[in-house]
Amino acid sequence: MKERLHKEELYIGVMSGTSMDAVDAVLISITHNKFQTLACQSSTISPELKQQLSALCFPGNNEIERSAHLDILFAELIADTVNTLLIKQNLKAQDICAIGSHGQTIRHCPEAKKPFSLQIGNPSIIAHKTGITTIADFRMADIAAEGQGAPLVPAFHQAVFNPETGCRAIINIGGIANITLLHTKSNDAKNNIVKGYDIGPGNTLMDQWILKHKHTPIDLDGEWARSGNILPELLEKFLADAFIQKKPPKSSGREYFNLAWLDTFSPYQANNEDIQRTLLEFTAQVLADTVNHETNGTPCEIYLCGGGVKNRFLYERINALLPDYRIASTGNLGIDAQLVEGAAFAWLASQTMQNLPGNIESVTGASCAKILGGIYLA
């Protein structure tokens with residue numbers, strides 16, 4: 001096992017989530033195992049590239065050639081983002097220990113006969129164009145050990161957000177929403193068990209619905225949803241979905257929660273804004289139900305992160321459904337809500353470089369702890 005050096009070590013984590021709106025490169029420092037985010041650089045994913053990436057999430061013609069082409073294009077976007085970050089921070093490639101690149105998920109199938117999770121964004125190209133060792137393909141080692149391969153961020157949540165007292169829930173509202181449940185630090189291993197899993201859609205259904213009907217990628221502040229009314233019968237059907245009712249470990253993606261999924265609830269004669277309002281309530285209700293179930297009335301701090309934090313109406317509904325809980329952004333814990341997942345993959349890269357595991361068996365269902373990712377030298 002490699003010993004942590006007693007000096008500042010810099011890593012960059014690169015994340016593009018289910019929403020496919022941007023590539024975020026987050027610069028972190030680790031000194032004496034203390035963690036700090038230093039800077040971030042974001043690159044917008046163009047509508048054309050987003051459309052091409054989204055199409056790969058479903059079966060189609062000429063998939064191999066299209067995926068190979070986008071594997072290169074997306075890697076170049078990642079490399080450009082990292083290089084811009086370096087320039088702005090007056091850093092050189094040799095200053096960075098490694099890049100942790102999640103890549104863009106185009107298929108996540110942990111329940112397949114032969115489970116797999118596929119991310120594109122060629123790490124050899126990233127390493128070559130940045131001159132920095134790159135860690136990628138984080139999920140398959142966990143899947144090889146019979147895990148879901150997701151979510152992986154709970155290990156990072158435990159490392160940087162674990163409470164000194166009481167219970168704390170970290171909820172990421174990205175395209176898909178996931179929860180991590182943390183408990184007071186203890187020498188008793190049983191009390192240190194971390195629980196985490198994908199709970200259902202975060203922004204993805206709302207984003208896809210407004211893109212289809214309003215030709216805009218997001219419902220800014222949830223204002224379109226606010227203009228509609230909840231459709232109680234449709235909401236009840238959403239909440240009865242098999243994935244929502246499934247016990248963890250579980251993980252999902254836009255391969256499951258998409259407009260085709262919405263179509264399975266039969267043609268629904270309603271205003272488009274009422275569908276949007278119901279989709280927002282679905283996200284808020286699943287989140288609230290999960291918290292109530294997991295805490296069983298026990299006092300618990302809740303910290304939110306991810307793009308959904310920017311949806312003001314969604315934030316209001318979560319607070320209204322959980323009136324007895326203290327709810328805040330992870331910014332209150334020292335990491336901006338938009339940077340948590342990028343920072344997580346920087347931290348996971350540091351774990352890999354130290355030959356330390358990055359998964360948590362109680363979260364993913366893996367049979368053992370695994371060192372995650374492949375190392376691609378510059």
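All figures in this text were calculated on a predicted structure; none of them were measured in a lab.

Draft legend 1. Molecular detail of the sheet that holds strand S11 (residues 300–305). Pairing is mixed in the open sheet, where five strands are placed in the order S10-S9-S8-S11-S12. Of all strands in the sheet, those bounded by a partner on one side alone are strand S10 (195–201) and strand S12 (326–329). Sheet twist, expressed as the mean angle between neighbouring strand axes with direction ignored, is 20 degrees. In this sheet, S11 lies alongside strand S8 (residues 167–173) in parallel orientation, the contact comprising six bridges. Directly across from alanine 169, in S11, lies its bridge partner isoleucine 302.

Draft legend 2. Here's a closer look at the packing of aromatic side chains. Applying the stated criterion across every chain, the model contains 13 aromatic pairs. Measuring from ring centre to ring centre gives 5.1 Å for phenylalanine 35 and phenylalanine 156, while their planes differ by 65 degrees; the resulting arrangement is edge-to-face. You can see phenylalanine 35 sitting in strand S3 (residues 34–44) and its partner phenylalanine 156 sitting in helix H5 (residues 153–161), a full 121 residues away along the chain. Overall, phenylalanine 156 belongs to the buried group, its relative accessible area being 0%. Between phenylalanine 238 and phenylalanine 282 the ring centres are 5.1 Å apart and the planes differ by 45 degrees, which places this aromatic pair in the tilted class. You can see phenylalanine 238 sitting in helix H8 (residues 232–239) and its partner phenylalanine 282 sitting in helix H11 (residues 272–295), a full 44 residues away along the chain. Summarising the burial analysis for this pair, phenylalanine 238 and phenylalanine 282 share the class buried. A connected cluster of aromatic rings, assembled from ring pairs, spans Phe238, Phe243, Tyr256, Phe257, Trp261, Phe265 and Phe282. The ring of phenylalanine 243 has lysine 250 lying over it, and the distance from NZ or CZ to the ring centre is 4.8 Å.

Draft legend 3. A look at the nonpolar core. Core analysis: the largest hydrophobic core is formed by 78 residues, its most contacted members being Ile302, Ile318 and Leu322. Among the elements that take part in this core, H11 stands out by supplying nine residues, more than any other. Filtering out sequence-adjacent residues up to four positions away, isoleucine 318 remains in contact with Ile173, Ala284, Leu287, Leu304 and Ile327. With 28 residues, the next largest nonpolar core counts Ile45, Leu49, Ala75 and Ile78 among its residues.

Draft legend 4. Highlighting the sheet that holds strand S13 (residues 374–376). Judged by pairing direction, the sheet is mixed, and its six strands sit side by side in the order S3-S2-S1-S4-S7-S13 without closing on themselves. Both edges of this open sheet fall to S3 and S13, since each of them pairs with a single strand only. Each strand axis lies, on average, 20 degrees off the axis of its neighbour in the sheet, ignoring direction. Across seven bridges, the pairing between strand S1 (residues 9–15) and strand S2 (residues 22–31) is antiparallel.

Draft legend 5. Summary view of the pattern of salt bridges. This model, assessed by the stated rule, comprises nine salt bridges. Salt-bridge contacts for arginine 168 lead to glutamate 301; the nearest nitrogen and oxygen are separated by 2.9 Å. Taken together, the residues arginine 168 in strand S8 and glutamate 301 in strand S11 connect sequence positions 133 residues apart. Given the relative accessible area of 25%, glutamate 301 is considered partly exposed. Shared partners join several salt bridges into a network, and the residues in it are Glu223, Arg226 and Glu316.

Draft legend 6. Representation of the packing of helix H6 (residues 204–214) against H11 within the structure. At a minimum axis separation of 9 Å, H6 and H11 run at an interaxial angle of 170 degrees. On the basis of their axis angle, the class for H6 and H11 is roughly antiparallel. Counted together, Leu205, Met206, Trp209, Ile210 and His213 of H6 and Asn272, Ile275, Gln276, Leu279, Leu280, Phe282 and Thr283 of H11 form the full contact between these two elements. Its residues assigned to classes, the contact of H6 with H11 comprises eight nonpolar, four polar and no charged.

Draft legend 7. Structural detail: the environment of glycine 374. Along the chain, the position of glycine 374 falls in strand S13. Glycine 374 sits 237 residues away from aspartate 137 along the chain, and the two C-alpha atoms are 6.1 Å apart. Apart from residues no more than four positions distant in its own chain, glycine 374 is found in contact with Thr134, Ile135, Ala136 and Asp137.

About the cut-offs
- Residues numbered from 1 in each chain as written.
- Predicted model: local features only at pLDDT ≥ 70, side-chain atom pairs only at ≥ 80, totals over all residues.
- Heavy atoms only, no water.
- Pairing = 2+ DSSP bridges.
- Helix = DSSP H or I, 4+ residues; strand = E, 2+ residues; numbered from the N terminus.
- Axes fitted to C-alpha atoms, helices over the stretch in contact; angles between N-to-C directions.
- Phe/Tyr/Trp six-rings, centres within 6.5 Å; stacked < 30°, edge-to-face > 60°.
- Buried < 20%, exposed > 50% of the residue type's maximum accessible area, 1.4 Å probe, protein only.
- Lys NZ or Arg CZ within 6 Å of the ring centre and 35° of its normal.
- Core = buried A, V, L, I, M, F, W, Y, C linked by side-chain atoms within 4.5 Å.
- Contact = heavy atoms within 4.5 Å.
- Salt bridge = Lys/Arg side-chain N within 4 Å of Asp/Glu carboxyl O.
- Parallel < 35°, antiparallel > 145°, perpendicular 65-115°, else oblique.
- Nonpolar A, V, L, I, M, F, W, Y, C, P; charged D, E, K, R; others polar.

Treat this as a map of the structure, not an account of what it does.
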